Amino acid sequence: MQNTGHITMALAVDASRFEGVPMAPPDPILGVSEAFKADTSDLKLNLGVGAYRTEELQPAVLNVVKKAEKLMLEKGENKEYLPIEGFAAFNKATADLLLGADNPVIKQGRVATLQSLSGTGSLRLAAAFIQRYFPDAKVLISSPTWGNHKNIFNDARVPWSEYRYYDPKTVGLDFEGMIADIQAAPEGSFVLLHGCAHNPTGIDPTPEQWEKLADVIEEKKHMPFFDVAYQGFASGSLDEDASSVRLFVKRGLEVFVAQSYSKNLGLYAERIGAINVICSAPEVADRVKSQLKRLARPMYSNPPIHGAKIVANVVGDPTMFGEWKEEMEQMAGRIKNVRQKLYDSLTEKDQSGKDWSFILSQIGMFSFTGLNRPQSDNMTDKWHIYMTKDGRISLAGLNLAKCEYLADAIIDSFHNVN
Amino acid sequence: MEYLPMGGSIHMIEESLKLAYGEDSEFIKDKRIAAVQALSGTGACRLFADFQKRFLPDSQIYIPTPTWSNHHNIWRDAQVPQRTFSYYHPESRGLDFAGLMDDIKNAPNGSFFLLHACAHNPTGVDPTEEQWREISYQFKLKNHFPFFDMAYQGFASGDPERDAKAIRIFLEDGHQIGCAQSYAKNMGLYGQRAGCLSILCEDEMQAVAVKSQLQQIARPMYSNPPVHGALVVSIILSDPELKNVWLGEVKGMADRIIGMRKALRENLEKLGSPLSWEHVTNQIGMFCYSGMTPEQVDRLTSEYHIYMTRNGRISMAGVTTGNVAYLANAIHDVTK
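Residues numbered from 1 in each chain as written. Chains lettered and ligands numbered in written order. Predicted model: local features only at pLDDT ≥ 70, side-chain atom pairs only at ≥ 80, totals over all residues. Heavy atoms only, no water.

Student: Before we move on, can you summarise the environment of B:Lys165 with the specific residues and values?
Tutor: Residue and element names in this part refer to chain B. Turning to its location among the elements, Lys165 is positioned in helix H8 (residues 165-172). The spatial distance from the C-alpha of Lys165 to the C-alpha of Ile13 is 20 Å, given a sequence separation of 152 residues. Look past the residues within four positions of Lys165 in its chain and what remains in contact with it is Glu129 and Arg133. (Helix = DSSP H or I, 4+ residues; strand = E, 2+ residues; numbered from the N terminus. Contact = heavy atoms within 4.5 Å.)

Right, dumping it as structure tokens:
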């Protein structure tokens, strides 16, 4: 055996293996919060945050969640690995919530559900599945959409293209453009749709428009792929917010749905969500589920327990479920009140006659103000209001007290900055 | 419950680095380690594999034979080509050290190797300290990159410092290493998915860049990691009293396993088995590579209702004072 001892190797060391690793660009949304933190002005307001704040602008843990966690601690359950597909009680609860417990597709066993790492994780599993089993397909995403959608499909190596969505002229939905682009796409494309409370615009199709979309998607044999990150949080009603998904499922279509409990149960950092694939037959669902599991195993083996247990406990207990619905209505209600106050302030203060009603017709946490880049910069530089540069403000970070100040800032930026 | 940063809990990362690299590690002081919270060991390995694919696209990974089966899945799904290197020596139920060293020498310079830091899964066979030093020396000559999967720190010998010995040897010898850590077993946090990936870089600037890129890989996979397990880990490790309690508990778990190994071996010898069962106590950690054939394993299941993988691997964690005699008897019966 060689005697090596503690010899410092005086060998030529190659240039570092990581020479070619550049600094990644800062995250467009995290950067906003960081700049906000650094701002010393008393007037500052953080409207970049995609997390719900109370009227006092504090983060909030739902009371029902605290209750559930207390219960869980008392039960003292172990922390053994979940199966790859996640916590069974959670999977059942989440599919029931999404589709309605009496939905025939659930009774027929046609839904493949895997607990996954919130919305992102669900989307990523679906993307990996698309890459493996539909290698020639592409995903159509709205213009604009949540920034991470593109990253997910890029990293999963799934090609994507955009369909028109936001019309800056009307600050509303470019429905004709949307339909045209979906129609023009190659047959069998995956169409990524926001189930409710579109992020970042807050603009949702009407029920009639959803029907028309379903017509076109069915006609072109596209696969509808819903991202449902705000069920219950948009209108305040779980069922109403799921109506777009249920419409498609009712037509007998096969549908992908990614769910998240980050916002509606305030479980952000627990990373709890699910990928659901509604299939044509139970044996199809079994096969799909088995392959989703094969994709999940080399990513994280099995999903984290804590958030899943919270959801299962809350949904599984009628009292707690009722409490959750109430708290969710309150959150959605606070957002609606803030929208109303902002609209009233804008209409009162703005003499130009500009129509600000889009603030009221948009839904969910976010509002696309129509402010362009320099105008958004003005919001920050002059008014200490932090938002993303695409003109999106998070109403979850706004309270009634600050609405007038915000209105002043928006009016100033809109009219005085080009 | 607000989102953690993409890289995860800073406190959990800090404590994890102290555990793996040493409390007073100069690398920690010099901020040379790029580290992110990961989804337990699996997630840490996957982040590294994806990082390899993206920034070292010509690299491949050498994986020991045998290894935890999910290692193959991870690097395959990350699209990094795999090779294997000799590890287990069936005849001695120990380490094929000569084969291992040959494979290290024959691999192209600058190859990436996956090493189990302690308590090799599935064999339980670890190199001795001497052998680790030789491996490290050879790695230096060949400029190989060591990636340590450390899933059992503290759980193997009962002493986390001792279980990190291989890593410390490589660090002393000036290697830049990668390391996947898991708290699944040593803190019993299995389903919480708490772990850490770290990569030792040339300097602070490089560490910042590498970390930023690891975050970029995590973002489209799960955005940011789960908080709960991370909180548990950081609270325990940053509180001296709680940390002591943990050290006692992890030693307790390791001692029980070591006790069961002894008991199983003694029972088999008492039964008059013609075979050598030294390996049961030589091997370390949760698993024992018994050397039984698939057919013998099948008999254990069908005749004795004993469940184990067909490669003859016994999870010693499932052995108790209450069942060790039954187990020994069954093993003796199918192997005599």
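Student: Tell me what's going on with the interface of chain A and chain B, and back it up with residues and numbers.
Tutor: Each side of the interface is counted separately: chain A has 60 residues, and chain B has 64 residues. Buried surface at the junction of chain A and chain B, summed over both partners, amounts to about 5600 Å²; 55% is from carbon and sulfur atoms. At the junction of chain A with chain B, the criterion picks out three salt bridges. For B:Glu2, the salt bridge goes to A:Arg53, with nearest N and O atoms at 3.0 Å. Summed over the shared surface of chain A and chain B, the number is 26 residue pairs in polar contact (both at pLDDT 80 or more). For the side of chain A that touches chain B, the elements supplying multiple residues, two or more each, are helix H2 (63-75), helix H5 (118-133), helix H6 (147-155), helix H11 (282-300) and helix H12 (305-316) of chain A. Broken down by element, the residue count for the side of chain A that touches chain B peaks at six residues, all from H11(A). Residues belonging to the side of chain A that touches chain B are distributed by class as follows: 29 nonpolar, 14 polar and 17 charged. (Buried area = accessible area lost by both parts, 1.4 Å probe. Salt bridge = Lys/Arg side-chain N within 4 Å of Asp/Glu carboxyl O. Polar contact = N/O pair within 3.5 Å; in protein donor to acceptor, adjacent residues only side chain to side chain. Nonpolar A, V, L, I, M, F, W, Y, C, P; charged D, E, K, R; others polar.)

Student: Help me get a handle on the domain arrangement of chain B, residues and values and all.
Tutor: All names here are of chain B. Partitioning chain B into structural domains gives domain 1 (10-238) and domain 2 (254-335). Taking only C-alpha atoms, the centre of domain 1 and the centre of domain 2 are 29 Å apart. Taken together, the contact between domain 1 and domain 2 spans 18 residues of the former and 15 residues of the latter. Surface buried jointly by domain 1 and domain 2 totals about 1300 Å² across both partners, of which 65% is contributed by carbon and sulfur atoms. On inspection of domain 1 and its partner domain 2, the count reaches zero salt bridges. Applying the counting rule to domain 1 against domain 2 returns five residue pairs in polar contact (both at pLDDT 80 or more). Among the residues making up the side of domain 1 that touches domain 2, the classes are represented as nine nonpolar, six polar and three charged. (Domains from an automatic or database assignment.)

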